[in-house]
Amino acid sequence: MNLQQEVARRRTFAIISHPDAGKTTLTEKFLLYGGAVHLAGSVTARKQQRSTVSDWMDLEKQRGISVSSTVLQFDFNGFRVNLLDTPGHQDFSEDTYRVLMAVDAVIMVIDGAKGIETQTRKLFTICRSRRIPIFTFVNKWDRPGREPLDLLDELERELGLESWPVNWPIGQGDLFRGVFDRHDRRLHLYERVPGGRYRAPVAVADIDDEGLAERFEPGQFATFREELDILEMAAAAYDEERIRHGELTPVFFGSAVNNFGVELLLNGFLRWAPPPLARSSEGREVSPENEAFSGFVFKIQANMDPKHRDRVAFLRICSGRFRRDMRVIHVRTGKEVRLSFSHTLFGQERVTADEGAAGDIIGLAGHDDFQIGDTLAEETGIRFAEIPRFSPECFAYLHNPNVSDFKRFRSGLEQLLHEKVVQAFSPVDSLRQVPLLGAVGPLQFDVVKYRLELEYRCESRLELMPWRISRWLPDGMTPEEGKALLLPGGTGLVADGDGRLLLLFRDDWEVRFFEEKNPDIKLSGPPGPARVEAAAGM
């Protein structure tokens, strides 16, 4: 295929949701229907080892939550699919945000009983700020829940997002029998399979088939036809441009755990989601069909496989073709680097990648200089936008209780900081030689402790601090100038990894006190481009 054809068949997307809405379950079922696995929930790896596909980290399996974004690449019906499974818990919002910088569309999963929840709203706001196309899957329809028309109304009322129902459910809870595909005008009736581990058998019928109503509960088919009539009069019509600008969301109903509606969602998404789009680079657009290779690093992960013990940089290809052993410019350092150890990724598993095209996600090993946000390109003059960061809201000193483990402790912590699992700060004029860590949520600290023990065989102890608000001082302010400010008791004065000074407060009262006593000093969020708090309301 030529480059234009390769780009046209790429689909790179993430699945977002509030915790427990069914995001990871839907991810596993996409792999089942896409033919990437033969049994939902597991994948047969080398030597017949079995491991969860998307939640591969032991901590994720123990707690039943996703704490690390995962890339799952597979081919289906002529498409090259790059699926990024993201953390659902709010404590890992920063990792999720970095993933959203690398995708062209998202699928938003909503619990059919709970509707739009807090984390869904926050992630949606980020998508809206980037005008990312949004596809909505109303999940758990095999359980009692809200009326479907009420959920559509909530999408518009709460998110300002008009909906185009692609399919419509017949019944709900124990009476959920199937969905009507409004686009193809066909009725899909489902049969349950044990544990949802295999593809659900489907009977397809015409909505006007004689005697069809007799296959449902009394009155159920008539209610369904009435709701269809309402949709024809009131629901928004298909509009490709509005979908691609994130103004109109195609809506699908189903049950991921029972595989109801999953195949329709996957096929519909691949049909209507956009291929890779142009990316902005210092005032100009870089087309994915530009023959010169370019891309950016959005995630770094070490020790995904203990047998490798290396560091993998996840790169989103933005233009051109990737070829193993090609030489590119590492824009931040200006150095030429050779991309030899390249992989396609499937959760924890990886296979050597000899080539790729715009839209693909590849893993690059053996480059310790790479950082999140770095641009790699064949041409000069390309630098993709820096990835913003969150303001930490939790702080803790991380102690090393065993002096004999100091080298492993330092090495492990440096690696986790390089991955941006947490942020590190240096207290000004402190005699304590103990790292101060900052995180969006306390679960990030648990990940640090767990990985230090599992991957680097060293213990650690957390000393939680009371600060909850971080504000940066103006650029160029010296430590002496910072110490001369009038600060409320207990305020922390620290420096970030770039040497910029910031203040750590316990509550809003202390922030107001500082502003009253130091009216000429303007505080801000993290330095860099459009801060996440402003965009996401976090």
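Computed from a predicted model, the values in this text were never measured in an experiment. (Residues numbered from 1 in each chain as written. Predicted model: local features only at pLDDT ≥ 70, side-chain atom pairs only at ≥ 80, totals over all residues. Heavy atoms only, no water.)

(A) Representation of helix α5 (residues 118-129) within the structure. With twelve residues, α5 should cover 16 Å at 1.5 Å per step; its first-to-last C-alpha distance of 17 Å lies within 8% of that length. Here α5 has its buried residues at Gln119, Thr120, Leu123, Phe124, Ile126 and Cys127. Projection of α5 onto a plane perpendicular to its axis shows the buried side chains occupying an angular sector of 155°, all on one side. (Helix = DSSP H or I, 4+ residues; strand = E, 2+ residues; numbered from the N terminus. Expected span 1.5 Å × (residues − 1). Buried < 20%, exposed > 50% of the residue type's maximum accessible area, 1.4 Å probe, protein only. Arc of directions from axis to C-beta.)

(B) The arrangement of the nonpolar core in detail. Counting 112 residues, the largest nonpolar core has Leu26, Phe30, Ile107 and Leu339 as its most contacted members. The dominant element in this core, judged by the number of residues it contributes, is helix α9 (residues 262-272), at seven residues. Among all residues touching isoleucine 107, those that are not within four sequence positions of it are Phe13, Ala14, Ile15, Ile16, Leu26, Phe30, Phe135, Phe137, Leu265 and Phe269. If you look at the next biggest cluster of nonpolar residues, it comprises 17 residues, including Cys394, Ala396, Leu398 and Tyr456. (Core = buried A, V, L, I, M, F, W, Y, C linked by side-chain atoms within 4.5 Å. Contact = heavy atoms within 4.5 Å.)

(C) Geometry of the packing of helix α10 (residues 406-418) against helix α11 (residues 443-456). The N-to-C vectors of α10 and α11 enclose an angle of 125°; their axes lie 10 Å apart at closest approach. With respect to their mutual orientation, α10 and α11 come out oblique. Relative to α11, α10 is oriented so that their crossing is right-handed. Residue-level inspection shows Arg408, Phe409, Gly412, Leu413, Gln415 and Leu416 of α10 in contact with α11, the latter providing Val448, Arg451, Leu452 and Tyr456. Considered class by class, the residues forming the contact of α10 with α11 number six nonpolar, two polar and two charged. (Axes fitted to C-alpha atoms, helices over the stretch in contact; angles between N-to-C directions. Parallel < 35°, antiparallel > 145°, perpendicular 65-115°, else oblique. Left-handed = near helix turned anticlockwise from the far one by under 90°. Nonpolar A, V, L, I, M, F, W, Y, C, P; charged D, E, K, R; others polar.)

(D) Broad picture of the sheet that holds strand β11 (residues 186-190). Sheet architecture is open: four strands sit in the order β9-β10-β11-β12, paired in antiparallel fashion. The open sheet has two free edges, formed respectively by β9 (167-170) and β12 (202-205), since each of these has just one partner strand. This sheet shows a mean twist of 25° between the axes of neighbouring strands, independent of strand direction. Note: β11 against β12, four bridges, orientation antiparallel. Along β12, the bridge assignment pairs histidine 188 with valine 204. Packed onto the sheet, helix α7 (residues 220-234) meets β9, β10 (178-181) and β11 and runs at close to 155° relative to β9. (Pairing = 2+ DSSP bridges.)

(E) Local environment of the pairing of strand β26 (residues 394-399). Burial of β26 is extensive: six of the six residues sit out of reach of the surface. Every second residue of β26 is oriented toward a common face, with Cys394, Ala396 and Leu398 on one face and Phe395, Tyr397 and His399 on the other, all of them buried. As defined by bridge partners, β26 adjoins strand β29 (residues 461-465) across five bridges and the pair is classed as antiparallel. Within β29, the residue paired with tyrosine 397 across the bridge is glutamate 463.

(F) Structural detail: the packing of aromatic side chains. According to the stated counting rule, one finds 21 aromatic pairs in the structure shown. On the basis of an interplanar angle of 75° and a centroid distance of 5.0 Å, the ring pair of tryptophan 164 and tryptophan 272 is categorised as edge-to-face. Taken together, the positions of tryptophan 164 in strand β8 (residues 162-165) and tryptophan 272 in helix α9 put the pair 108 residues apart, joining distant regions of the chain. Each member of the pair, tryptophan 164 as well as tryptophan 272, carries the same accessibility label: buried. Judged by centre distance (6.3 Å) and plane angle (50°), the ring pair of tyrosine 238 and tryptophan 272 falls under tilted. One end of the pair, tyrosine 238, is in the loop between α7 and α8 (240-244); the other, tryptophan 272, is in helix α9, with 34 residues separating them in the sequence. With a relative accessible area of 38%, tyrosine 238 lands in the partly exposed category. Residue class for tryptophan 272 comes out buried when judged on its relative accessible area of 8%. Counting every residue linked through ring pairs, the aromatic cluster contains Phe13, Phe30, Phe135 and Phe269. Directly above the aromatic system of tryptophan 272 lies the positively charged group of arginine 271, at a separation of 4.9 Å from the ring centroid. The ring of phenylalanine 314 carries the charged tip of lysine 299 above its face, separated from the ring centre by 5.9 Å. (Phe/Tyr/Trp six-rings, centres within 6.5 Å; stacked < 30°, edge-to-face > 60°. Lys NZ or Arg CZ within 6 Å of the ring centre and 35° of its normal.)

(G) Examining the pattern of salt bridges more closely. Counted by the stated rule, this structure contains 37 salt bridges. The partner of arginine 324 in a salt bridge is aspartate 354, and the shortest N-O contact between them spans 2.7 Å. Residue arginine 324 is found in the loop between β18 (321-323) and β19 (326-330), and its partner aspartate 354 is found in the loop between β22 (349-352) and β23 (355-357); the two are separated by 30 residues along the sequence. What makes aspartate 354 partly exposed here is its relative accessible area of 47%. Two residues, arginine 332 and aspartate 374, come together in a salt bridge whose shortest N-O distance is 2.8 Å. Of this pair, arginine 332 sits in the loop between β19 and β20 (335-339) while aspartate 374 is found in the loop between β24 (361-365) and β25 (375-377), placing the two residues 42 residues apart along the sequence. Residues joined by salt bridges that share partners form a network here, namely Glu6, Arg9, Arg10, Asp75, Arg80 and Asp360. (Salt bridge = Lys/Arg side-chain N within 4 Å of Asp/Glu carboxyl O.)

(H) Summary view of the packing of helix α2 (residues 23-33) against α9. Relative orientation of the contacting elements α2 and α9 amounts to 80°, with a least axis distance of 10 Å. When the axes of α2 and α9 are compared, the pair comes out roughly perpendicular. Side by side, α2 and α9 meet where Leu26, Lys29, Phe30 and Tyr33 of the first sit next to Val262, Glu263, Leu265 and Leu266 of the second.

(I) Structural detail: the environment of threonine 333. Relative to the assigned elements, threonine 333 resides in the loop between β19 and β20. For threonine 333 and aspartate 374, which are 41 residues apart along the polypeptide, the C-alpha to C-alpha distance reads 9.4 Å. Of note is the side chain of threonine 333, whose polar atom sits 3.0 Å from the side chain of histidine 330. (Polar contact = N/O pair within 3.5 Å; in protein donor to acceptor, adjacent residues only side chain to side chain.)

(J) Looking closely at α10. Taking 1.5 Å as the rise per residue, α10 with 13 residues should run 18 Å; its terminal C-alpha atoms sit 18 Å apart, in good agreement. Those residues of α10 not exposed but buried are Phe409, Gly412, Leu413, Gln415, Leu416 and His418. Structurally, α10 contributes buried residues whose contacts are with β16 (294-302), β17 (311-319), β26, β28 (436-439) and α11. Phi turns positive one or two residues past the end of α10, at lysine 420, with a value near 65°.

(K) Here's a closer look at the sheet that holds β26. Pairing is antiparallel across the open sheet formed by seven strands, whose spatial order is β29-β26-β28-β27-β31-β32-β30. Here the strands that pair on one side only, and so sit at the sheet edges, are β29 and β30 (469-472). Geometrically, the sheet is characterised by an average inter-axis angle of 40° between neighbouring strands, direction not taken into account.

(L) Expanded view of unusual backbone geometry. Backbone geometry places arginine 131, a non-glycine residue, at a positive phi of 55°. Here arginine 131 is to be found in the loop between α5 and β7 (134-139). Arginine 131 gets classed as partly exposed once you look at its relative accessible area, which sits at 44%. Even without being glycine, arginine 185 reaches a positive phi, approximately 60°. Within the secondary structure, arginine 185 sits in the loop between β10 and β11. We classify arginine 185 as partly exposed; its relative accessible area is 42%.

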